[in-house]
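Commentary on secondary and tertiary structure
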Amino acid sequence: MAKDELKRFLPRGLILDLEDRMAAATVKAFQIVRDHAGLDKKRGRELEGQARFRIMEHAFEEVCELYGGQQLGGGVIPNTDLKVFQPFARFGGTGPGVILGLAAMPERNKLPVKNRSRLAGVTLNFDLTPRLDFDGTGPKAGDIFVLFLVARDRERSGKLEEIAIGIIDSTYEQFLFYEPLDKFLADDADAPETRPLSPLPSGGTGVVRLKTKVKPFIPPEMPPTVEDEDGTA
């Protein structure tokens, strides 16, 4: 699967909305612990980490569903007997696609902690080479397990150090592919926005994106004007 194909399954709009929601979850967890927990610093940071990931999981499920991601029914990865216990969403229809999961890294570019769900997921990447050439000439595979990765800022509570897209090899020893989000999206910065397939849930918070240029309103009774080169009428 080439990088362009990977980005087709994980469109720009999905990635940007996930980025926004993960940042918001990080701030929310920090504020909850700061304002309501009444704990010392060490216990507060531990509780903040637990709350942060649970809030992120909830947001991850909501955003993936909006963009057509299918939650794994019964916690079983399609065409396998592998069970998962974390929210994973599949993108790709009837053909080979992507199963997207969420994971927290201890720091940027470091493998997230192993657990049963992630170990089941990386099993799908058994046929991928350690280099995973994204040039179309590498191995062909079915579904690929991809992680949306977040690393907290260890110096500043309520902040993230990095968000990235990663693919881990089937032995859980190294990244086959790793790119920070800005690099992953760099090639399609001018691509049209991908809108959610589903409406926002009741009470949900959407992402507001402003137009770069707004045309002035012209009443229907007024004749059209011709703009000068500097944009003024």
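From a predicted model like this one, the values you see are computed outputs, not experimental measurements.

What counts and what doesn't
- Residues numbered from 1 in each chain as written.
- Predicted model: local features only at pLDDT ≥ 70, side-chain atom pairs only at ≥ 80, totals over all residues.
- Heavy atoms only, no water.
- Helix = DSSP H or I, 4+ residues; strand = E, 2+ residues; numbered from the N terminus.
- Buried < 20%, exposed > 50% of the residue type's maximum accessible area, 1.4 Å probe, protein only.
- Contact = heavy atoms within 4.5 Å.
- Expected span 1.5 Å × (residues − 1).
- Polar contact = N/O pair within 3.5 Å; in protein donor to acceptor, adjacent residues only side chain to side chain.
- Axes fitted to C-alpha atoms, helices over the stretch in contact; angles between N-to-C directions.
- Left-handed = near helix turned anticlockwise from the far one by under 90°.
- 1 Å grid on protein atoms, 1.4 Å probe; cavity = no way out; pocket = protein on both sides within 12 Å on 5 of 7 lines; lining within 4 Å.
- Points joined across faces, edges and corners; volume = space filled by probe spheres on them.
- Nonpolar A, V, L, I, M, F, W, Y, C, P; charged D, E, K, R; others polar.
- Pairing = 2+ DSSP bridges.
- Salt bridge = Lys/Arg side-chain N within 4 Å of Asp/Glu carboxyl O.
- pLDDT = per-residue confidence, 0-100.

Next up on the list: the overall build of the protein chain. Within the protein chain, the secondary structure is distributed over 5 helices and 6 strands. From first element to last, N terminus to C terminus, the protein chain shows the α and β order α-α-α-β-β-β-α-β-β-β-α. In the protein chain, which comprises 233 residues, the proportion classed as buried is 39%. If you take every contact in the protein chain between residues at least 6 apart in sequence, the share linking residues at least 24 apart comes to 65%.

Here helix 3 (residues 41–66) contains 26 residues, and its C-alpha end-to-end distance of 37 Å stays within 8% of the 38 Å for a straight helix at 1.5 Å per residue. For helix 3, every residue scored as buried is listed here: G44, E48, R52, F53, M56, E57, A59, F60, V63, C64 and L66. Measuring from the backbone nitrogen of K42 back to the side-chain oxygen at the start of helix 3 gives 3.2 Å, which picks out D40 as the cap. Looking at the residues trailing helix 3, positive phi occurs at G68, about 90°.

In the contact formed by helix 2 (residues 12–37) and helix 3, the axes pass within 8 Å of each other and the chain directions differ by 145°. For the pair helix 2 and helix 3, the crossing hand works out as right-handed.

What follows deals with unusual backbone geometry. Among all residues save glycine, negative phi is the norm, and among peptide bonds the norm is trans. Its identity as a non-glycine residue notwithstanding, N79 has a phi of 65°, on the positive side. Mapping N79 onto the fold places it in the loop between strand 1 (70–71) and strand 2 (89–91). At Y172, a residue that is not glycine, the phi angle is positive and equals roughly 60°. Counting through the fold element by element, Y172 comes out in the loop between strand 5 (160–168) and strand 6 (175–180).

Here the largest pocket defines a volume of roughly 430 Å³. Taken together, 17 residues make up the lining of the largest pocket; nearest its centre are G49, R52, A104, M105 and R152. Among the elements of the structure, helix 3, strand 3 (98–105) and strand 4 (144–152) are those that each provide at least two residues to the lining of the largest pocket. With 8 residues, the top contributor of residues to the lining of the largest pocket is helix 3. A breakdown of the residues in the lining of the largest pocket according to their chemical character gives 9 nonpolar, 2 polar and 6 charged.

Strand order across the open sheet formed by 6 strands is 1-2-3-4-5-6, with mixed pairing between neighbours. Of all strands in the sheet, those with a lone pairing partner are strand 1 and strand 6, marking the two edges. Of the pairings in the sheet, the one linking strand 3 to strand 4 comprises 8 bridges and is parallel in character. When the sheet's bridge partners are listed, M105 is paired in strand 4 with A151. Most of the contacts of helix 2 go to strand 5, to which it runs at about 135°, and overall it touches strand 2, strand 3, strand 4 and strand 5. Contacts between helix 3 and the sheet are confined to strand 1, strand 2, strand 3, strand 4 and strand 5, with strand 3 contributing the most and set at about 165° to the helix.

Among the 9 residues that make up strand 4, 8 are buried, leaving the element largely enclosed by the rest of the structure. Bridge analysis of strand 4 against strand 5 gives 6 bridges, and the strand direction is antiparallel. Paired with F148 across the strands is I165, a residue of strand 5.

This brings us to the pattern of salt bridges. Taken as a whole and assessed by the stated rule, the structure comprises 9 salt bridges. Across the pair E48 and R52 runs a salt bridge whose closest N-O atoms are separated by 3.7 Å. Placement of both E48 and R52 in helix 3 is noted, with a separation of 4 residues, approximately one turn of the helix. Overall, E48 belongs to the buried group, its relative accessible area being 4%.

This part is about the confidence of the model for the protein chain. On average, residues of the protein chain carry a pLDDT of 80, and 74% of them reach 70 or more. Taken as a whole, residues 202–233 scores under 50 in pLDDT and shows 13 contacts with residues more than four places along the chain or in a different chain.

Another point: the pairing of strand 5. Strand 5 sits mainly inside the fold: 8 of its 9 residues count as buried. Two strands pair when backbone bridges link them, and strand 5 and strand 6 are joined in this way by 5 bridges, in the antiparallel orientation. Bridge pairing in strand 6 links I165 to E179. Taking the residues between adjacent antiparallel strands as the criterion, strand 5 and strand 6 are bridged by 6 residues, where Y172 takes a positive phi near 60°.

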